[in-house]
Amino acid sequence: MTEQKKASFSPIAVVGASGLFPGSIGGQSFWRNILAGEDFMTEVPADHWLIDDFYDSEPGKKGKIYSDRGAFLPKVDFDPMEFGMPPKQLSTTDTAQLLALIVASKVLDDAASVQFGKVDKSDISVILGVASATEMVGQMVSRIQRPNWVKALREAGIPESKVIEVCEGIEATYPEWDESTFPGLLGNVVAGRIANRLDLGGTNCVVDAACASSLGAVAMAIRELQSGSSNLVITGGVDALNDIFMYMCFSQTPALSATGDCRPFSVDADGTMLGEGIGMVALRRLEDAEKDGDRIYSVIRGVGSSSDGRSGSIYAPESRGQALAIRRAYDMTAYDVDEVELIEAHGTATKAGDAAEFGGLKYAFEGFADRRQWCALGSVKSQIGHTKSAAGAASLFKVVMALHHKVLPGTIKVSQPNPALNIEESPFYLNTETRPWIHDPGTTRKGSVSSFGFGGSNFHVALEEHVQRGDTRGRYHISPVELLLFSGTTPDELITSAKAAIEKLAGSALSMLAKQCQTDFVATSTYRLAIVVEDRNSVTTQIDQAAEKIKAQPEKSFSMPNRFHYGVAGEQQKIGFLFPGQGSQYVNMGAELACEFDQAREAWDIASTLELDAEQRLDQVVFPIPVFTEAERDLQADLLTSTDWAQPAIGCVSWSMLNLLETLDLKPDAVAGHSYGEVAALYAAGAIKSPASLLAVSRRRGELMKEAAASTPGSMTAVRASNQEVQAYLDEWDCAVCVANINSPSQVVIAGKTAEIEKAESQLQAVGVTFRRLPVATAFHTDIVSPSAEPFHEFLGGIEVSEPTVPVYSNTSASTYGAKQEEIRKTLAWQLANPVRFQELIEQMHDDGIRLFLEVGPNSLLAGMVKDCLKGREFEVISLDNKKLDGRSAFWNALGSLS
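Keep in mind that this is a model prediction, so the values were computed, not measured.

**A closer look at the packing of helix α23 (residues 630-641) against helix α24 (residues 643-663)**
It is the contact of α23 with α24, at a shortest axis distance of 5 Å, that shows an interaxial angle of 80 degrees. On the basis of the axis angle, α23 is roughly perpendicular to α24. Each of Leu 639, Leu 640 and Thr 641 in α23 lies in contact with α24, whose residues at this interface are Thr 643, Trp 645, Ala 646 and Ala 649. Within the contact of α23 with α24, the residues separate by chemical class into 5 nonpolar, 2 polar and no charged.

Pasting the structure below:
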């Protein structure tokens, strides 16, 4: 980080946002689609034009287009009376004007300062990017070509009566001229109609900077605010022009993909694809937005613009011109590019465009070229195509929401980075997966947006996270599944209330329905129903299915995983939290929860500030930058398998989940862990006092075990047999291995030197016993790691330890820890060298009254062991995670089971 600069830019707050893009109606659906990596490229709809009239697959043919795909807006209902427009005007008003009205209205609804009358409408301006012509310009210009048709028909010898008939037929395919046609086709009236229909009294105008129009409009909007001329500005970009004219323009350049897809910065990028869309934000001066208590999505800290000057071609991009705009933006801020962790590129996927843009970024970042791959790079065009004058608006929306939600959105369709970019030696990496944006909570996240247009127009916007602790207004719920909760005093009342809630909220989004149902839910009710749902349309069917099963057995709880859970209140069950050990880790574990819930992400944020390693942060190992080959992915998995990383990583996942459970006021009556999980169990019980201590203990335990493994390589193998059977085999065979884990009546783990384990595996195979080598670094809980115990004990002497607040069951003794600090340290230290008696531990917890076991940590390995240990007894075991499911789906299923 460079020496602190002084900002020369009055900050601007983004206080409202919405959009209409392919596959999306409104901001929430657009953000969901971005995060889900949805692809909205389709064939050209039949109501746009007939492909056969213009298409030829061979690029370069005059009068032909060579692309038959693109991204198109969904059908949208428009009620002219809502905006005070006579219905007869619709046929003479361009689609862009009508759709822009809808989006602008939503943006104003989203801006709290407007909702609560804190901004006078006379001080609200509308400044939008609108490039080229509107669709109606082409239609009306075509309509007045009658003299040309007449001339051609006459010259072809067509009788005069037929000439008139044909020309009138052609004219009838276009809208009629009337008094509303002229304003209905003008690009500037896109902004003017918004101001007119929404009764706004500030400036209204449009900016045309070709494909940079959106950010050109944003730059002008900011100047309007900073000069004091307006108190709120609606700005962004509008482009509903995806007709044959645009396809012809881009085909003749040529700039379209011959293979029909948009792959920014990818090795197989071969051109852009056309899209259409509308994106708008509401801007205010930051000081005013904060004073009025607005919900602030993010803060604009600088806007840079430039022209390419005299370059090789009027439409060829120029790296140094783009770099100039980027540097000018950061010259205005109080920070430099080395703090930027996300750049949404213009990213057209043309070879020349991507190369020039990447070159411009390298020029702008050249002062920090010694650092490698810290900044995520991407382009939303991979999903919705190039929306031309709305392109910058789509990109701006993406970064604004990324900062607000603290998520790094992915870019799709990158099979391999273009090798010509040499991206591995730059500050950038292509972020092809949606990942949590982990960041030091003492500083703010920073991102930026680039947009460039024909004629050498360059714009760059620098943005920063706005920190409003505890304020989640406007935070979109992005989970792919929702949890609906219902309650009642009788089974009939439960079913009736569930159906009534669905009917009452019939027109609402699934997330809104879930929120209302969770608000109305009474956890103390005798009868409770939880439904896990992915599709809004399936809710009624799932309730009907649940009702049928409830009527058949109204007084008995039941679950149908991934669908619904029915609970009947009875005697309060004692609950035990179980924490998994090494072997449960996997790359990106906990990522979805950290993307969805602040409480989960904040654990990783705090962990990122702890100096576990001089070279890497814990989150960078668990959520590594995306790679593109199996070999690279294997290296990432291997690093996470190493004990010095695996143990704090598993501990951090468990800690993040504990944070979520705490918000639900769900507390254990007892805790236990499997192997390393005992460290997390002691933290959950308050014996290890702080998260920092949890991770420090985890890291040191892993380091010491790694050192032991380096001197004597070891392995572990899970065997599908009882302890007695395996021990009998080991006594018979000449293998120097031992039983390290007794996990259940039908599974034990043997461990020892790798060569000896291989001999044992060979013998097991010969007698037909099933076994599986475990992904661990050495032979835990054997003499191989016993040299680690005493140094670990010494380390624990510097860690604050207290008497547990709930019983903690020990792997070594299968009984509970004592209360004395030194006894706790000693038991934990020597646990790593002694066998894990997990089966006995679980049986003892059950004997002590624990009936509900909740697995708190990555994966769901312990659940199967518990089921095996307690077969035939009364109990329930639930895992908060499942490697095979989206983390949010697994979490909602678990909560549904608990409700």
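**A look at unusual backbone geometry**
A cis amide bond links Thr 253 to the next residue, Pro 254, at an omega of -10 degrees. Summarising the element assignment, Pro 254 is placed in the loop between α11 (244-252) and β8 (277-285). A positive phi angle is found at Lys 413, which is not glycine, with a value near 75 degrees. Note on placement: Lys 413 falls in the loop between β12 (407-408) and β13 (428-430). In the Ramachandran plot, Asp 665 falls in the positive-phi region, its phi being about 55 degrees despite a non-glycine side chain. Mapping Asp 665 onto the fold places it in the loop between α24 and β22 (670-673).

**Brief notes about a nonpolar patch on the surface**
On the surface, Ile 314, Tyr 315 and Phe 454 cluster together into a nonpolar patch covering about 350 Å² of accessible area. Locating Tyr 315 in the fold gives a position in the loop between β9 (298-307) and α13 (319-331).

**Here's the deal with the packing of helix α10 (residues 213-226) against helix α16 (residues 391-405)**
Taken N-terminus to C-terminus, the directions of α10 and α16 make an angle of 70 degrees; their axes are 5 Å apart at the nearest point. Considering the angle they form, α10 stands roughly perpendicular to α16. Residues Ser 214, Leu 215 and Val 218 of α10 lie in contact with α16, whose contacting residues are Ala 391, Gly 392, Ala 393 and Leu 396. Residue composition of the contact of α10 with α16, grouped by class: 5 nonpolar, 2 polar and no charged.

**Regarding helix α5 (residues 135-143)**
Listed as buried for α5 are Met 136, Met 140 and Arg 143. Seen from one end, α5 has its buried residues packed into an arc of 55 degrees, which puts them on one side. Tucked into the core, α5 has its buried residues touching α6 (146-155), α7 (160-171) and α8 (181-185).

**Structural notes on the pattern of salt bridges**
Considering all chains together, one arrives at 46 salt bridges under this definition. For the salt bridge of Lys 162 with Glu 165, the shortest nitrogen-to-oxygen distance reads 3.5 Å. Note that Lys 162 and Glu 165 are positioned in helix α7 at a spacing of 3 residues, about one turn of the helix. The class for Glu 165 is partly exposed, based on a relative accessible area of 49%. For the salt bridge of Glu 339 with Lys 446, the shortest nitrogen-to-oxygen distance reads 3.0 Å. Placement of Glu 339 in the loop between α13 and β10 (342-344) and of Lys 446 in strand β15 (residues 446-453) is noted, with a sequence separation of 107 residues between them. For the pair formed by Glu 339 and Lys 446, the shared burial category is buried.

**Things to note about the nonpolar core**
Core analysis: the largest hydrophobic core is formed by 85 residues, its most contacted members being Phe 577, Trp 604, Leu 618 and Val 856. When residues in this core are grouped by element, the largest group, 10 residues, is from α24. Filtering out sequence-adjacent residues up to four positions away, Val 856 remains in contact with Phe 577, Leu 578, Phe 579, Pro 580, Ser 654, Met 657, Leu 658, Leu 661 and Leu 880. Grouped together as the second largest cluster of nonpolar side chains are 52 residues, Ala 212, Ile 222, Trp 437 and Tyr 476 included.

**A word on the side chain of Gln 839**
Its location among the elements puts Gln 839 in helix α31 (residues 838-847). Residues in contact with Gln 839, not counting those within four places in the same chain, are Ile 742, Asn 743, Ser 744, Pro 745 and Cys 869.

**Observations concerning the side chain of Lys 381**
Looking at the element boundaries, Lys 381 is found in helix α15 (residues 381-384). In this structure, Lys 381 is buried with no salt-bridge partner, the nearest side chain bearing the opposite charge being Glu 344 at 6.3 Å. Polar side-chain contacts of Lys 381 include one of 2.5 Å to the backbone oxygen of His 346. Every residue in contact with Lys 381, bar those within four places of it in the chain, is listed here: Met 41, Cys 262, His 346, Gly 347, Thr 348, His 386 and Ala 391.

**Overview of the sheet that holds strand β17 (residues 482-488)**
In spatial order, the strands read β17-β18-β20-β19; together these 4 strands make up an open sheet with antiparallel pairing. Looking at strand neighbours, the two that pair on one side only are β17 and β19 (558-560), the edges of this open sheet. Averaged over all pairs of adjacent strands, the angle between strand axes in this sheet comes to 10 degrees, irrespective of strand direction. Alignment of β17 against strand β18 (residues 527-533), held across 7 bridges, turns out to be antiparallel. Each residue of the ladder has a partner; that of Leu 483, found in β18, is Val 532. Relative to β18, helix α19 (residues 539-552) is tilted by about 145 degrees, and along the sheet it contacts β17, β18, β19 and β20 (564-568).

**Notes on the sheet that holds strand β27 (residues 808-809)**
Strand order across the open sheet formed by 5 strands is β27-β22-β21-β28-β29, with parallel pairing between neighbours. Strands at the two margins of the open sheet, each flanked by one partner only, are β27 and β29 (876-879). Relative to β27, β22 runs parallel, the two being bridged by 2 bridges. Paired with Ala 672 across the strands is Tyr 809, a residue of β27.

The rules behind these values
Residues numbered from 1 in each chain as written. Predicted model: local features only at pLDDT ≥ 70, side-chain atom pairs only at ≥ 80, totals over all residues. Heavy atoms only, no water. Axes fitted to C-alpha atoms, helices over the stretch in contact; angles between N-to-C directions. Helix = DSSP H or I, 4+ residues; strand = E, 2+ residues; numbered from the N terminus. Parallel < 35°, antiparallel > 145°, perpendicular 65-115°, else oblique. Contact = heavy atoms within 4.5 Å. Nonpolar A, V, L, I, M, F, W, Y, C, P; charged D, E, K, R; others polar. Patch = residues over 30% accessible without salt bridge, like charges linked within 9 Å, V, L, I, M, F, W, Y side chains within 5 Å. Areas by Shrake-Rupley, 256 points an atom, 1.4 Å probe, with all protein chains shown as cover. Salt bridge = Lys/Arg side-chain N within 4 Å of Asp/Glu carboxyl O. Buried < 20%, exposed > 50% of the residue type's maximum accessible area, 1.4 Å probe, protein only. Arc of directions from axis to C-beta. Core = buried A, V, L, I, M, F, W, Y, C linked by side-chain atoms within 4.5 Å. Lys, Arg positive; Asp, Glu negative; His and termini not counted. Polar contact = N/O pair within 3.5 Å; in protein donor to acceptor, adjacent residues only side chain to side chain. Pairing = 2+ DSSP bridges.

None of this, on its own, says anything about what the molecule does.
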